[in-house]
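Survey of secondary and tertiary structure
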Amino acid sequence: MQLIQETPDLSAYLAADEAIDHHHPLVRETAAMLADGVATSYEYARAAFVFVRDAIPHAQDSGDLRVTWRASDVLEQRTGICYAKAHALAALLRAEDLPTALCYQKFEQVHGLVAVRFNGAWHRQDPRGNKPGVDAQFSLDGERLAFTPDRASNELDYPVLYAAPHPVVLAALTAARDRPHLWQTLPTAL
């Protein structure tokens, strides 16, 4: 699949915003902790991915009813659904000057992940969190995502790489009182 940048300006994929608040002290502190002892930006990106995937449980898997959406809140509360975890990973990567985009897949609902830029190319990564039947891994040599769309079921990969969270996704997250409410309002398409 050909990934398409929403904007040609790579600096947009390094920017902070309300959801990807990589200037927040907790994001900076977590980034510094992850960067300690790694020698390359690839090693840092992999460490940040593993941290978000494994140290922050997916709220549905853990039964957590809280809804987080801002990267610093995801790191503080240690919970989030796919979108929130993608915001946290994007913030950690951007904190170390790694261009990172938000991208999406369509299943019954829209699923969120990120793409990180290395060696002039974008590489999608899915920090959702592993469980039986889900084995997402950090990879620059072919995608190892949590889910693969089934074209026969009208599932798909959206090719656009967004610099900020999609407005439909952000609206659903910020309006949700709790995860059961969010589950009723999750976007089914972009």
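Residues numbered from 1 in each chain as written. Predicted model: local features only at pLDDT ≥ 70, side-chain atom pairs only at ≥ 80, totals over all residues. Heavy atoms only, no water.

1. Structural notes on the overall build of the protein chain
- A count of helical and extended segments in the protein chain gives seven helices and six strands.
- Traced from its N-terminal end to its C-terminal end, the protein chain shows the element sequence β-α-α-α-α-α-β-β-β-β-β-α-α.
- Compactness check: the protein chain gives a C-alpha radius of gyration of 15 Å against a globular reference of 16 Å for 190 residues, within 12% of the reference.
- With respect to the three principal axes, the spread of C-alpha positions in the protein chain is 40 × 35 × 35 Å.
- With 190 residues in all, the protein chain has 49% of them scored as buried.
- Once local pairs closer than 6 in sequence are excluded, the contacts in the protein chain between residues at least 24 apart make up 61%.
- Surface exposure of the protein chain reaches about 8,600 Å², of which carbon and sulfur atoms provide 49%.
- The centroid of the 17 positive side-chain charges in the protein chain is displaced by 4 Å from the centroid of its 24 negative side-chain charges. (Helix = DSSP H or I, 4+ residues; strand = E, 2+ residues; numbered from the N terminus. Rg over C-alpha atoms; globule rule 2.2 N^0.38 Å. Buried < 20%, exposed > 50% of the residue type's maximum accessible area, 1.4 Å probe, protein only. Contact = heavy atoms within 4.5 Å. Areas by Shrake-Rupley, 256 points an atom, 1.4 Å probe, with all protein chains shown as cover. Lys, Arg positive; Asp, Glu negative; His and termini not counted. Charge placed at Lys NZ, Arg CZ, Asp CG, Glu CD.)

2. What about the packing of aromatic side chains?
- Under the counting rule described, the total for this entry stands at seven aromatic pairs.
- Relative to tyrosine 104, the ring of tyrosine 83 lies with its centre 6.4 Å away and its plane at 55 degrees, an arrangement referred to as tilted. Placement of tyrosine 83 in helix H5 (residues 82–95) and of tyrosine 104 in strand S2 (residues 100–106) is noted, with a sequence separation of 21 residues between them.
- Of the residues examined, tyrosine 83 reaches a relative accessible area of 1% and is grouped as buried.
- Overall, tyrosine 104 belongs to the buried group, its relative accessible area being 2%. (Phe/Tyr/Trp six-rings, centres within 6.5 Å; stacked < 30°, edge-to-face > 60°.)

3. Quick look at the pattern of salt bridges
- Tallied over the entire structure, the rule returns 10 salt bridges.
- With its nearest N and O atoms 2.6 Å apart, the salt bridge here joins glutamate 143 to arginine 124. Taken together, the positions of glutamate 143 in the loop between strand S4 (121–125) and strand S5 (156–157) and arginine 124 in strand S4 put the pair 19 residues apart, joining distant regions of the chain.
- For arginine 124, the salt bridge is made with aspartate 157, and the minimal N-O distance between the two is 3.0 Å. With arginine 124 in strand S4 and aspartate 157 in strand S5, this residue pair connects regions lying 33 residues apart in the sequence. Accessibility assignment for this pair places arginine 124 and aspartate 157 in one class, buried.
- Connected through salt bridges with shared partners, the residues Arg124, Glu143, Arg151 and Asp157 form a single ionic network. (Salt bridge = Lys/Arg side-chain N within 4 Å of Asp/Glu carboxyl O.)

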